[in-house]
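# Overview (structure and organization)
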Number of protein chains: 2
Amino acid sequence: MKLAVIGVGLIGGSFALALKKAKAVSHVVGVGRSAANLKVARERGIIDSVGDAQDADVVLVAAPVGQYPTIFKSLSGSKAIITDAGSTKRDVVALGKHLSRFVPGHPIAGAEKSGAAAASADLFRDRRVVLTPTAGTDGEATSTVEALWKACGARVSRMTAEEHDEVLAAVSHLPHLLAFGLVHEVAQRKNSEQLFSFAAGGFRDFTRIASSHPEMWRDICLANREFLLAELKKYQGKVAAMERLLQSADGAALEKLFAEARGARDQWLKSSS
Amino acid sequence: MKLAVIGVGLIGGSFALALKKAKAVSHVVGVGRSAANLKVARERGIIDSVGDAQDADVVLVAAPVGQYPTIFKSLSGSKAIITDAGSTKRDVVALGKHLSRFVPGHPIAGAEKSGAAAASADLFRDRRVVLTPTAGTDGEATSTVEALWKACGARVSRMTAEEHDEVLAAVSHLPHLLAFGLVHEVAQRKNSEQLFSFAAGGFRDFTRIASSHPEMWRDICLANREFLLAELKKYQGKVAAMERLLQSADGAALEKLFAEARGARDQWLKSSS
């Protein structure tokens, strides 16, 4: 099986490495904008050649969603099974409508690192991948894509693009926006150097996702902005509620909220481990 | 030198372990509310005996700030050098005014773990400790406390309690509140189980500090609520600004904000490593 990866970054590169390790692909061709990144990908054995997606059996599109219109146009008429790794799915489903064997997908395994240099064969092990096939999606193509992700060690789920985007707005897109916002707020202060110098592990972890790829996150925020705005509104309501507890110095209610949050998080960690 | 630790948790226990490792103390007596925790502290060699702070040369108060009035009352008339590990300092300075050799301090090295079981001799290595002596603080006592923290491997700074509380509100107290709030918001939804099940590493790190100690964070929020409310207001302004960028689908401005935040964070990590 010949695989083409369009966008050989963290996600695309890790997909190629994982499938090579699982001996599920015989040849990987890399397609991308950056010659330097493709060079790294070849040197690391992620791809076997640089070229185009013409002869591939399977194509993974792992570029920022803003580039999809151009990429999908170049894939028009392709008989390959095409899938993608975009973090939003309603927009991608709409963009890929004209492709005959397109299976929209999202591996939930981002990291703040990017580029082929950060790719790893184990990135998807035990991670979730969501496929969002529509009524018109080729069933065989969906099964093949599912099998490839399973070969990477991932846990594959299927849901509608709408449901996917709503869930991810809450647990991924909103936290990213909030983390970018906090770092930006601190960075703009006159005493930002002092503030950063007393920031510790809590700040570092809270803001880790603020080191994510700006272009990619611009595209995600724009593509999912209705659900993201709805989540932002709910979160603003929560913050306002906490503000009122602070204003009235309601220690009992604050402690209750903190304890409930801690309990829910600990329960989540226990059930997901 | 005989050390008494009141509250043998993560911070108090780690202070004792680090000073034992540095051979800076000969005997450590543990004081606390939980017999079970003190038992763990003895078993782990953190403390040598359980008792009171009567005969100690140095006393570290590492209990939640809510317990300080009672603890400080019991230390009235003590000739020992007394210091503390509270995360807020203006309130602690006021509470400790009647103690003759009290040096207010704050090791910035929390973690979401708590209790003697989590203590480690290396917790403070290369971490910052802030001392906030006032004009009336015994200079020799301050130097002794500084030397002890340095023996733990920490980097010690001095500033006013006011300055400390303002800085920490921005880079520690606010992120904790925001993380508790996000987890609480998700946990209260009808589909919280589904939401958590698709939460990944970004969510886990963003919310790590939401597993912090509820009672301790209640006390911090109440003690520092003016500065925390001011920080919350600024952050709400930043969130509202991002909301407007989303509403107007201003991709360029969103990408700029994300890139500036990422750049500032990367710069911070580089300069702090």
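### With respect to the overall build of chain A
For chain A, the helix and strand inventory stands at 11 helices and nine strands. Its C-alpha atoms give chain A a radius of gyration of 21 Å, within 12% of the compact-globule value 19 Å for 273 residues. Expressed as lengths along the three principal axes of its C-alpha atoms, the size of chain A is roughly 65 × 40 × 35 Å. Here chain A holds 273 residues, and the buried ones make up 54% of them. Residue pairs in contact within chain A that sit at least 24 positions apart in sequence constitute 68% of those at least 6 positions apart.

### Things to note about the domain arrangement of chain A
Residues and elements named next belong to chain A. The assigned domain composition of chain A is domain 1 (2-158) and domain 2 (163-272). Between the C-alpha centres of domain 1 and domain 2 the distance comes to 29 Å. With 13 residues of domain 1 at the contact, the number on the domain 2 side is 14 residues. Class assignment of the residues belonging to the side of domain 1 that touches domain 2 gives a composition of three nonpolar, six polar and four charged.

### Looking at the packing of helix H6 (residues 161-187) of chain A against helix H10 (residues 225-247) of chain B
It is at 10 Å that the axes of H6 of chain A and H10 of chain B come closest, and there the two elements cross at 125 degrees. The pairing of H6 of chain A with H10 of chain B is recorded here as oblique in orientation. Pair H6 of chain A / H10 of chain B crosses with right-handed handedness. Contact residues: Leu 177, Gly 181, Leu 182, His 184 and Glu 185 of chain A in H6 of chain A; Lys 234, Tyr 235, Lys 238, Val 239 and Met 242 of chain B in H10 of chain B.

### Some details on the interface of chain B and chain A
Across the boundary between the two partners, chain B contributes 72 residues, which contact 73 residues of chain A. Mapped by element, the contributors of at least two residues to the side of chain B that touches chain A are helix H6 (161-187), helix H7 (192-197), helix H8 (201-206), helix H9 (214-223), H10 and helix H11 (251-272) of chain B. Top contributing element to the side of chain B that touches chain A by residue count: H6 of chain B, with 18 residues. The residue makeup of the side of chain B that touches chain A, split by class, is 44 nonpolar, 13 polar and 15 charged.

### A word on the relation of the copies chain B and chain A
Each copy of the sequence occupies a distinct position, and chain B is placed on chain A by a rotation of 180 degrees and an axial shift of 0.0 Å, giving an RMSD of 0.0 Å. Overall, the copies show the geometry of a two-fold rotation axis. When each C-alpha of chain B is compared by its distance to the rotation axis, Phe 206 of chain B comes out closest, at 1.9 Å. By residue overlap, the copies meet face to face through one surface: 100% of the interface positions of chain B are interface positions in chain A.

### Structural notes on the nonpolar core
Judged by nonpolar contacts, the single largest core of 196 residues is most densely connected at Val 5, Ile 6 and Val 59 of chain A together with Val 5, Ile 6 and Val 59 of chain B. In this view, Ile 6 of chain A contacts Val 31, Ala 53, Val 59, Leu 60, Val 61, Ala 62, Ala 63 and Ile 71 of chain A; residues no more than four positions away in its chain are not counted.

### A few points about the sheet that holds strand S6 (residues 102-103) of chain A
All names here are of chain A. The strand order across the open sheet formed by six strands is S3-S2-S1-S4-S5-S6, and the pairing between neighbours is parallel. In the strand order of this sheet, the two ends are held by strand S3 (49-50) and S6, each with one partner. The strands that helix H5 (residues 139-151) touches are strand S4 (58-61), strand S5 (81-84) and S6; relative to S5, the one it contacts most, it runs at about 55 degrees.

### As for the packing of helix H11 (residues 251-272) of chain A against H9 of chain B
Contact geometry for H11 of chain A and H9 of chain B: axes closest at 9 Å, N-to-C directions at 140 degrees. Here H11 of chain A lies oblique to H9 of chain B, going by the angle between them. As H11 of chain A runs across H9 of chain B, the sense of the crossing is right-handed. Contact with H11 of chain A, carried on its side by Gly 251, Leu 254, Glu 255, Phe 258, Ala 259 and Arg 262 of chain A, involves Pro 214, Glu 215, Trp 217, Arg 218, Cys 221 and Leu 222 of chain B of H9 of chain B and no other residues of that element. Its residues assigned to classes, the contact of H11 of chain A with H9 of chain B comprises seven nonpolar, one polar and four charged.

Reading the values: rules and limits
Residues numbered from 1 in each chain as written. Chains lettered and ligands numbered in written order. Predicted model: local features only at pLDDT ≥ 70, side-chain atom pairs only at ≥ 80, totals over all residues. Helix = DSSP H or I, 4+ residues; strand = E, 2+ residues; numbered from the N terminus. Rg over C-alpha atoms; globule rule 2.2 N^0.38 Å. Buried ≥ 20, exposed ≤ 12 C-beta atoms within 10 Å, placed from the backbone. Contact = placed C-beta atoms within 7 Å. Domains from an automatic or database assignment. Nonpolar A, V, L, I, M, F, W, Y, C, P; charged D, E, K, R; others polar. Axes fitted to C-alpha atoms, helices over the stretch in contact; angles between N-to-C directions. Parallel < 35°, antiparallel > 145°, perpendicular 65-115°, else oblique. Left-handed = near helix turned anticlockwise from the far one by under 90°. Least-squares fit on C-alpha atoms with pLDDT ≥ 70 in both. Core = buried A, V, L, I, M, F, W, Y, C linked by C-beta atoms within 7 Å. Pairing = 2+ DSSP bridges.

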